[in-house]
Amino acid sequence: MSAHNERPDELIGVPRTLTADAGAAGQRLDQWLAAQLAPALSRSRVQALIKQGAVSTNGKTVFEPKHKLAAGDAVTVEVPEPEPAEPQGEAIPLDILYEDDALIVVNKPAGLVVHPGAGNWTGTLVNALIHHCGDSLSGIGGVKRPGIVHRLDKDTSGVMVVAKTDHAHRALSEAFADHGRTGDLRRAYVALVWGVPTPAVGTIDAPLGRAADRIRRAVVPEARDDARHAVTHYAVEERFGEGRKDFAPASLVECRLETGRTHQIRVHMAHIGHPLVGDRDYGQAFRTKANRLPEPLRATVQAFPRQALHARLLEFSHPDTHLTMRFEAPLPDDMEELAGAFRNS
């Protein structure tokens, strides 16, 4: 099949399969496919599609544009829908803790992505903020991140501040970049972790970099090129099941960040042998611990859909008034129920 003379929009969202003839044997995938789809798609566009996993040969996804073809190969390409040029406002409910002309503080629920990105172009906190704030959000963060000065993982709940003016954006960004070392910024999280850390109060000072899969993070040697300084201070607040036989103990731990790396708390707590309950990225090796719990606690833990992490406290200096602003959000219902299930078992 040839796609010659087709318009680009005719290729969008519909898988097209082409068969490589004898003359295609030994040719680069991107070169041959671009020739078949010209003028609808350029070679650079075809290369981008291959790298993002939109092209397969004989049913197997190929990520290398230079992949060599064989006669008879069935090459399937599916051009995804175009990404929106900029996010639109959506009427998504917001739990607003505070708002003035310079900033807005919200209690983000678990499951809400902060800003648009691959696979999440709608339904984000940014879409909700655009709907609520109109054009008043700071534009420094770019079209896709208006007002955003820091973020929480999709499945982490808790307090976030968003800038509504460029001045506030600059001041808050500087505070977060400094991690409170010279200013008033304070951040505290509460996590439900497996086991009880010893000592009960401690500091984890371990650099973070990319894990082997290039997606997750991991503790890495300080000398590695991608190593980033990372420090987490923790304190055990409550113990569950400690000293009991046939029971997997757990604990509520407060974590205060001295640095703010991606997945920092999750990686650091797993590094010291106490991963977060429900963390499918960094706590997989501990999933069987739930089998040592009595019912109905076991079922509650196994059904918990996210990492048990909540941003409880955010304190910062207001960029205009310079007054210290302090905001706290109680544990969300799902974490409160999870902690209660441990507490009452």
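What counts and how
- Residues numbered from 1 in each chain as written.
- Predicted model: local features only at pLDDT ≥ 70, side-chain atom pairs only at ≥ 80, totals over all residues.
- Heavy atoms only, no water.
- Buried < 20%, exposed > 50% of the residue type's maximum accessible area, 1.4 Å probe, protein only.
- Helix = DSSP H or I, 4+ residues; strand = E, 2+ residues; numbered from the N terminus.
- Pairing = 2+ DSSP bridges.
- Contact = heavy atoms within 4.5 Å.
- Axes fitted to C-alpha atoms, helices over the stretch in contact; angles between N-to-C directions.
- 1 Å grid on protein atoms, 1.4 Å probe; cavity = no way out; pocket = protein on both sides within 12 Å on 5 of 7 lines; lining within 4 Å.
- Points joined across faces, edges and corners; volume = space filled by probe spheres on them.
- Nonpolar A, V, L, I, M, F, W, Y, C, P; charged D, E, K, R; others polar.
- Phe/Tyr/Trp six-rings, centres within 6.5 Å; stacked < 30°, edge-to-face > 60°.
- Arc of directions from axis to C-beta.
- Polar contact = N/O pair within 3.5 Å; in protein donor to acceptor, adjacent residues only side chain to side chain.

Engineer: Describe helix α5 (residues 264-271), listing the residues and the values that go with them.
Structural biologist: Among the eight residues that make up α5, six are buried, leaving the element largely enclosed by the rest of the structure. Buried within α5 are the following residues: Gln264, Ile265, Arg266, Val267, His268 and Met269. Backbone geometry just downstream of α5 places Gly273 in the positive-phi region, at approximately 90°.

Engineer: Tell me about the sheet that holds strand β4 (residues 74-77), and name the residues and values.
Structural biologist: Strand order in the open sheet made by the four strands is β1-β4-β2-β3, with antiparallel pairing throughout. The open sheet has two edge strands, β1 (16-19) and β3 (60-61), and neither has a second partner. Inspection of the sheet shows β1 paired to β4 by four bridges, in the antiparallel sense. Residue Leu18 lies in a different strand from β4, and its bridge partner there is Val75. Strands in contact with helix α1 (residues 29-37) are β1, β2 (55-57) and β4; relative to β4, the strand with the most contacts, it is inclined by about 70°.

Engineer: So what's going on with the layout of surface pockets? Which residues, and what values?
Structural biologist: Estimated volume of the largest pocket: approximately 510 Å³. At the level of elements, α4 (166-178), β8 (186-194) and α5 are the ones that each hand at least two residues to the lining of the largest pocket. Residue composition of the lining of the largest pocket, by class: eight nonpolar, eight polar and six charged.

Engineer: I'd like a rundown of the packing of aromatic side chains, residues and numbers included.
Structural biologist: Pairs of aromatic rings are described using the distance from one ring centre to the other and the angle between the two planes. A complete count under the given rule lists four aromatic pairs for this structure. Ring geometry for Tyr98 and Phe327: centres 5.6 Å apart, planes at 40°, overall tilted. Of this pair, Tyr98 sits in strand β5 (residues 96-99) while Phe327 sits in strand β15 (residues 324-328), and the two are 229 residues apart along the sequence. A residue is classified by how much of its surface remains accessible, and Tyr98, at 27% relative accessible area, is partly exposed.

Engineer: Describe helix α2 (residues 43-51), listing the residues and the values that go with them.
Structural biologist: Of all the positions in α2, only Val46, Leu49 and Ile50 are classed as buried. The buried residues of α2 all sit within an arc of 100° when viewed along its axis, so they share a single face. For α2, the exposed residues lying more than 90 degrees away from the buried face are Ser44 and Lys51. Contact partners of the buried residues in α2: α1, β2 and β4. Note on α2: the residue one or two positions beyond its end, Gly53, has a positive phi of about 85°.

Engineer: Outline the pairing of strand β14 (residues 309-317), listing residues and values.
Structural biologist: Judged by how many residues are buried, β14 sits mostly within the fold: eight of nine residues are covered. The pairing of strand β7 (residues 157-163) with β14 spans two bridges and is parallel. Residue Gly158 lies in a different strand from β14, and its bridge partner there is Ala311. Bridging between β8 and β14 involves six bridges; their strand directions are antiparallel. By the bridge assignment, Arg186 is partnered in β14 with Glu315. Pairing between β14 and β15: five bridges, direction antiparallel. Within β15, the position partnered with Leu314 by the bridge is Phe327. What sits between β14 and β15 in their antiparallel hairpin is a turn of six residues, with His322 showing a positive phi close to 65°.

Engineer: Please set out empty space enclosed by the protein residue by residue, giving values where relevant.
Structural biologist: Under the counting rule described, the total for this entry stands at one cavity of 30 Å³ or more. The wall of the largest cavity is formed by His150, Val159, Arg187, Ala188, Tyr189, Ala311, Leu313 and Leu314. Looking at the lining of the largest cavity, the elements with two or more residues in it are β8 and β14.

Engineer: Which residues make up the side chain of His274, and what values do they have?
Structural biologist: Mapped onto the elements of the fold, His274 is located in the loop between α5 and α6 (297-303). Residue classification places His274 among the buried positions, given a relative accessible area of 13%. Here Trp194 takes part through its backbone oxygen, which lies 2.8 Å from a polar atom of the side chain of His274. Excluding residues that lie within four positions of it along the chain, His274 makes contacts with Val193, Trp194, Gly195, Val196, Pro197, Thr198 and Met269.

Everything listed is a geometric property; what it means functionally is a separate question.
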